[in-house]
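In case you want the letters, here they are:
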Amino acid sequence: MLFSVLIYASEDIMDAVSPEEHAEIMSHHRAFHEHTKTSRTFAAATKLMSTGTAVTVNKESDGYLVTDGPFAETKEQFMGFYLIDCPSLEEAIDTVKLLPLEYGRVEVRPVEYFEGADFKNGERMVIDAS
């Protein structure tokens, strides 16, 4: 089953961490990435640029409104996500425990397959991130 691993954290806190703390955070992400590649559960990953680079598009009666920034005003921002292919929610949760959870939150949510999509073979989607 395909699961999204949605990562939320405060941009202000992440921008303020020391180089040593940043290296520790990245070591957790590398461990997660290596574990999912080795266990063949990795499907995809992405890191989002800061919310300052985002725009929100809304439909209005006479057209569209494009505004700067994300839709929601929150203390934590959506930072990025992984897609992992695990046999169960429990295994997905165990895998997520490799991430640096002390800096934010991680939401694990099953993903539905769309017609024509073939995510069951994650190997063909793997991009060497090393």
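Heads up: the structure comes first, above all this text.
Residues numbered from 1 in each chain as written. Predicted model: local features only at pLDDT ≥ 70, side-chain atom pairs only at ≥ 80, totals over all residues. Heavy atoms only, no water.

Caption draft 1: Up close: the overall build of the protein chain. On a plain count of helices and strands, the protein chain comes out with 3 helices and 6 strands. What you see in the protein chain, going N to C, is helices and strands ordered as β-α-α-β-β-β-β-α-β. Looking at the protein chain as a whole, 28% of its 130 residues are labelled buried. Of the contacts made within the protein chain by residues no fewer than 6 positions apart, 76% connect residues no fewer than 24 positions apart. Carbon and sulfur atoms make up 56% of the accessible area of the protein chain, which amounts to about 9000 Å² in all. (Helix = DSSP H or I, 4+ residues; strand = E, 2+ residues; numbered from the N terminus. Buried < 20%, exposed > 50% of the residue type's maximum accessible area, 1.4 Å probe, protein only. Contact = heavy atoms within 4.5 Å. Areas by Shrake-Rupley, 256 points an atom, 1.4 Å probe, with all protein chains shown as cover.)

Caption draft 2: Quick peek at helix α3 (residues 89-96). A92, T95 and V96 are the residues of α3 that are buried. Viewed along the axis of α3, the buried residues span an arc of 100°, placing them on a single side of the element. (Arc of directions from axis to C-beta.)

Caption draft 3: Examining the packing of aromatic side chains more closely. In total, this model carries 3 aromatic pairs according to the counting rule given. Ring centres 4.4 Å apart and planes at 50° place the aromatic pair F32 and Y82 in the tilted group. On the criterion of sequence distance, the pair formed by F32 in helix α2 (residues 19-38) and Y82 in strand β5 (residues 77-85) is long-range, its members being 50 residues apart. Look at Y82 and you get buried, because its relative accessible area is 7%. Considering the side-chain rings of F78 and F81, the 6.5 Å spacing of their centres and the 10° angle between planes classify their relative orientation as stacked. (Phe/Tyr/Trp six-rings, centres within 6.5 Å; stacked < 30°, edge-to-face > 60°.)

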